[in-house]
Amino acid sequence: MIDFPIESDLKFSVSSKSSENTATSLSLTNSGAINGSIAYLYTSTPLKHVLGTSEISLQDAIQGYRVIRPPLYKSYNYKKDKPVFGAHSLYYGRMYFPGSALEAMVVKRISESSQILVKCVSHEKLKNNGTMTFYFQKDTGRLSREYIFSTNEALLGFRCLYNFRQGAERLNTALYNNSSLSIGAEIWYGAMNMSPGLSTALRYSTQSTYTGKPLTITLACNPILGHLSSTYSVRTSASSTFSSRYDFNIYSYDSDLGFGCELWRTSGNNSPVLPLRRIDPKLAPYSKHTSQDQTVIEAFESLVKETDFTSVIKIGTTMNDRDVKLKWEGKFKDFLISTGVDIQINSQVPDVKKWGLQVQYAS
């Protein structure tokens, strides 16, 4: 919510599911000259639950705050309810014009929990006229791993994410429930330039048993560069979310503080009644969980899900950059529209760094 992108030109995109297994997309951009791209996608399994811009809800169509619930691994009965595995594939290609830039992607499932992904980029300005990146991904719900190799500088990488037991008693209190804790790390090493990379992060998500409102706390660390970053995000109501971030470097002592928010607008009066349970602060440490806790949480989630949002305003700023980013996203007829501006406030007269407009349509 703090580092959302701002378009710097006029962009128009049209996408269509041409059949149950294929989709196409055309994008045009006016940045002094007309350029764009054409993309094709094919998958061996039917594209189910793919909605166009006229059908999809606004909060599902744009990037924003999400209630994070890591999927946990389920042990299936091999004879009765084990899901049927299919070695499905996905093929994607995009051609940019004018010019000769190409990109492609192939995804191949090799088991219920693992797949191979290959990305390719071809351009005359790149070293060796292009690069290829190979991924082996394995996700069991509780533990996710990713092994990476790129032909660019012979880069080797490893990523992992571990989700602790969701809703564990030690993560819950009388005031918070539905908690989840995740820890992740990534390691990189460039064999050609002998440069390593390492970072790790911790994420805790929970919801209030008093109001049902979710909050997320993260802590990221890069020990090689000495960078620390912490964030705190909370959905204060069904139509507003606020976030803050603090960055600090232990080597240079440089720091930065950023703020961001999302303000949603609805089409009408959506005000379902939440079954709130009053909690005495003096008795809270000794209170026990009841089914009413989950009722409050589920009621708030239903309120957010069922509310018909028509637009959202995003605001973000950081103390060091001294600029303010404003972005509006909404629907007009069957089109998804996004426009924003980045204003620099260092000088006495505010300066517009960039602004743009994006129109998207999908059927």
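Throughout, a residue's number is its position along its own chain's written sequence, starting from 1. The model is predicted, so local features are restricted to residues of pLDDT at least 70 and side-chain atom pairs to those at 80 or more, both for listing and for counting; the totals for chains, interfaces and linings are taken over all residues. Side-chain calculation: all heavy atoms of the structure are included, whereas hydrogens and water are not.

Draft legend 1. Layout of the overall build of the protein chain. Here a helix means four or more residues in a row that DSSP labels H or I, a strand means two or more in a row labelled E, and each is numbered from the N terminus. Looking only at helices and strands, the protein chain features two helices and 19 strands. Here the protein chain holds 363 residues, and 32% of them are scored as buried. Only heavy atoms enter the contact rule, under which two residues are in contact if any of them lie within 4.5 Å. Long-range pairs, those at least 24 residues apart, make up 47% of the contacts in the protein chain with a sequence separation of at least 6. Here the open area of atoms and residues is found with the Shrake-Rupley method and a 1.4 Å probe, where only the protein chains shown may cover a residue. In the form shown here, the protein chain has an accessible surface area of approximately 21800 Å², with 59% of it arising from carbon and sulfur atoms. Each residue gets one of three labels from its accessible area relative to the maximum for its type: buried under 20%, exposed over 50%, partly exposed in between, using a 1.4 Å probe on protein chains only.

Draft legend 2. The pattern of salt bridges, seen in detail. What counts as a salt bridge is simple: a side-chain nitrogen of Lys or Arg found within 4 Å of a carboxyl oxygen of Asp or Glu. This structure, assessed with the given rule, holds eight salt bridges. Residue Glu103 is joined to Arg94 by a salt bridge in which the shortest nitrogen-to-oxygen separation is 3.7 Å. Judged by its relative accessible area of 26%, Glu103 is partly exposed. Among the residues examined, Arg94 registers a relative accessible area of 17% and is labelled buried. Note that Glu186 is salt-bridged to Arg159, the shortest N-O span being 3.3 Å. Residue Glu186 is located in strand E10 (residues 176-190), and its partner Arg159 is located in strand E9 (residues 155-163); the two are separated by 27 residues in the primary sequence. Under the relative-accessibility criterion, Glu186 is labelled partly exposed at 26%.

Draft legend 3. Fine view of the packing of aromatic side chains. Note on aromatic contacts: the rings of Phe and Tyr and the six-membered ring of Trp form a pair at centre separations within 6.5 Å, being stacked when their planes are under 30 degrees apart, edge-to-face when over 60 apart, and tilted otherwise. The full count for this structure, using the stated rule, is eight aromatic pairs. Ring geometry for Phe136 versus Tyr147: centroids 6.2 Å apart, planes at 35°, classification tilted. One end of the pair, Phe136, is in strand E7 (residues 130-139); the other, Tyr147, is in strand E8 (residues 143-150), and 11 residues separate them in sequence. Given the relative accessible area of 40%, Tyr147 is considered partly exposed. Taken together through their ring pairs, the aromatic side chains of Phe136, Tyr147 and Phe158 make up a single cluster.

Draft legend 4. Spotlight on the side chain of Thr307. Along the chain, Thr307 turns up in the loop between helix H2 (291-306) and strand E16 (309-318). A polar contact is formed between the side chain of Thr307 and the backbone oxygen of Leu303, at a distance of 2.4 Å. Whenever a nitrogen or oxygen atom comes within 3.5 Å of another N or O atom, the pair is scored as a polar contact, on the condition that within protein one atom can donate a hydrogen and the other can accept it, and that pairs from neighbouring residues in sequence are kept only if both atoms are in side chains.

Draft legend 5. Quick look at the nonpolar core. Think of a nonpolar core as a cluster: buried Ala, Val, Leu, Ile, Met, Phe, Trp, Tyr and Cys residues, connected wherever their side-chain atoms sit within 4.5 Å. Formed by Leu58, Ile62, Trp264, Phe309, Val312 and Leu336, the largest nonpolar core amounts to six residues. Sequence-distant contacts of Leu58, defined by excluding residues within four places in its chain, comprise Trp264, Phe309, Thr310, Ser311, Val312, Glu329, Gly330, Lys331 and Leu336.

Draft legend 6. Structural context of the side chain of Asn222. Along the chain, the position of Asn222 falls in strand E12 (residues 214-222). Of the residues examined, Asn222 reaches a relative accessible area of 18% and is grouped as buried. A distance of 3.2 Å separates a polar side-chain atom of Asn222 from the backbone nitrogen of Leu225. Apart from the residues within four sequence positions on either side, Asn222 is in contact with Leu198, Ser199 and His227.

Draft legend 7. View of the pairing of E12. Two strands qualify as a pair provided DSSP detects at least 2 bridges between them. Looking at chain direction, strand E11 (residues 195-208) and E12 are connected through eight bridges and run antiparallel. Bridge pairing in E12 links Gln207 to Pro214. Here E11 folds back onto E12 in antiparallel fashion, the turn holding five residues, of which Gly212 has a positive phi close to 85°. Sheet topology note: the E12/strand E13 (residues 227-237) ladder contains eight bridges and is antiparallel. Along E13, the bridge assignment pairs Leu219 with Ser230. Linking E12 to E13, which pair antiparallel, is a turn of four residues; within it Gly226 sits at a positive phi near 75°.

Draft legend 8. Summary view of unusual backbone geometry. Residue Pro98 follows Phe97 across a cis peptide bond; omega there is -10°. Looking at where Pro98 falls in the secondary structure, it is placed in the loop between strand E4 (89-97) and strand E5 (102-109). Positive phi, close to 60°, is recorded for His49, a residue that is not glycine. Along the chain, His49 falls in the loop between strand E3 (34-43) and helix H1 (58-61). The exposure class of His49 is exposed, given its relative accessible area of 79%. We note that Asn129 has phi near 65°; this positive angle belongs to a residue other than glycine. Its location among the elements puts Asn129 in the loop between strand E6 (114-122) and E7. Relative accessible area serves as the criterion here: at 47%, Asn129 is assigned to the partly exposed category.

Draft legend 9. Representation of the environment of Ser195 in the model. Tracing the backbone shows Ser195 in strand E11. When neighbours within four sequence positions are excluded, Ser195 is seen to be in contact with Trp188, Tyr189 and Gly190. Here the side chain of Ser195 touches Asn193 through a polar contact of 2.8 Å, side chain to side chain.

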